[in-house]
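Chain residues, written in single-letter form:
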Amino acid sequence: QVQLVESGGGLVQPGGSLRLSCAASGFTFSRYRMSWYRQAPGKERELVATITSVGGGTNYADSVKGRFTISRDNAKSTLYLQMNSLKPEDTAVYYCNVPPDRAPVSWGQGTQVTVSS
């Protein structure tokens, strides 16, 4: 069955960096555009970044542009999110899935990112 497993979150100070990973299985990962989302406490889930199926094109939310980088390794069926210059407002649970113009596959458990001094 389809499975998405996010990892790499943690507690980091403002200005720090983290690299998130999303291991995909149960579908042909290389055929799909993929996205990262995040959900902060009391807020709706929001789209953070999207990457094309072969990684040639990316899009970012204005709030993370220039600080976050989405990438993928199709040979490993893995999606990544490099997060630099982290801010307290980046604190959220981060999830991967297909972009919002497609029906979502099963959501994973997410990975918690906390930015605090």
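This is a predicted model, so every value here is computed, not measured. (Residues numbered from 1 in each chain as written. Predicted model: local features only at pLDDT ≥ 70, side-chain atom pairs only at ≥ 80, totals over all residues. Heavy atoms only, no water.)

So, the packing of aromatic side chains
Centre-to-centre distance and the angle between the planes together describe a pair of aromatic rings.
Thinking step 1. Within the structure shown, the criterion is met by four aromatic pairs.
Thinking step 2. Three or more aromatic residues link up through ring pairs in this structure, and these residues are Phe27, Phe29 and Tyr32.
Thinking step 3. Stacked on the ring of Tyr80, the Lys or Arg Arg19 has its end atom at 4.0 Å from the ring centre. (Phe/Tyr/Trp six-rings, centres within 6.5 Å; stacked < 30°, edge-to-face > 60°. Lys NZ or Arg CZ within 6 Å of the ring centre and 35° of its normal.)

Here's the deal with the pairing of strand β8 (residues 78-83)
Thinking step 1. For β8, the tally of buried residues reaches five of six residues, placing the bulk of the element in the interior.
Thinking step 2. When strand β3 (residues 18-25) meets β8, the two strands line up antiparallel, connected through six bridges. Of the residues in β8, the one forming a bridge with Leu18 is Met83.
Thinking step 3. Taken together, the six bridges between strand β7 (residues 68-73) and β8 define a ladder with antiparallel strand orientation. Bridging across to β8, Ser71 finds its partner in Tyr80. (Buried < 20%, exposed > 50% of the residue type's maximum accessible area, 1.4 Å probe, protein only. Helix = DSSP H or I, 4+ residues; strand = E, 2+ residues; numbered from the N terminus. Pairing = 2+ DSSP bridges.)

Comments concerning the sheet that holds β7
Thinking step 1. Ordered by their spatial adjacency, four strands build an open sheet running β1-β3-β8-β7, and the pairing between neighbours is antiparallel. Edge positions in the open sheet fall to β1 (3-7) and β7, since each of these has one partner strand only. Shown here is a sheet whose adjacent strand axes are inclined to one another by a mean of 15°, direction ignored. (Axes fitted to C-alpha atoms, helices over the stretch in contact; angles between N-to-C directions.)

Things to note about the pattern of salt bridges
Thinking step 1. Applying the stated criterion across every chain, the model contains five salt bridges.
Thinking step 2. A salt bridge links Asp101 to Arg33; the shortest N-O distance between them is 2.6 Å. Pair noted here: Asp101 is in the loop between β9 (92-97) and β10 (111-115) and Arg33 is in the loop between β3 and β4 (34-39), with a separation of 68 residues, a long-range link.
Thinking step 3. When its relative accessible area of 55% is taken as the criterion, Asp101 is described as exposed.
Thinking step 4. Measuring nitrogen to oxygen at the nearest pair gives 2.7 Å for the salt bridge that ties Glu46 to Arg38.
Thinking step 5. Assessed through its relative accessible area of 33%, Glu46 is described here as partly exposed.
Thinking step 6. Given the relative accessible area of 5%, Arg38 is considered buried.
Thinking step 7. It is possible to trace a salt-bridge network through shared partners that takes in Arg38, Glu46, Arg67 and Asp90. (Salt bridge = Lys/Arg side-chain N within 4 Å of Asp/Glu carboxyl O.)

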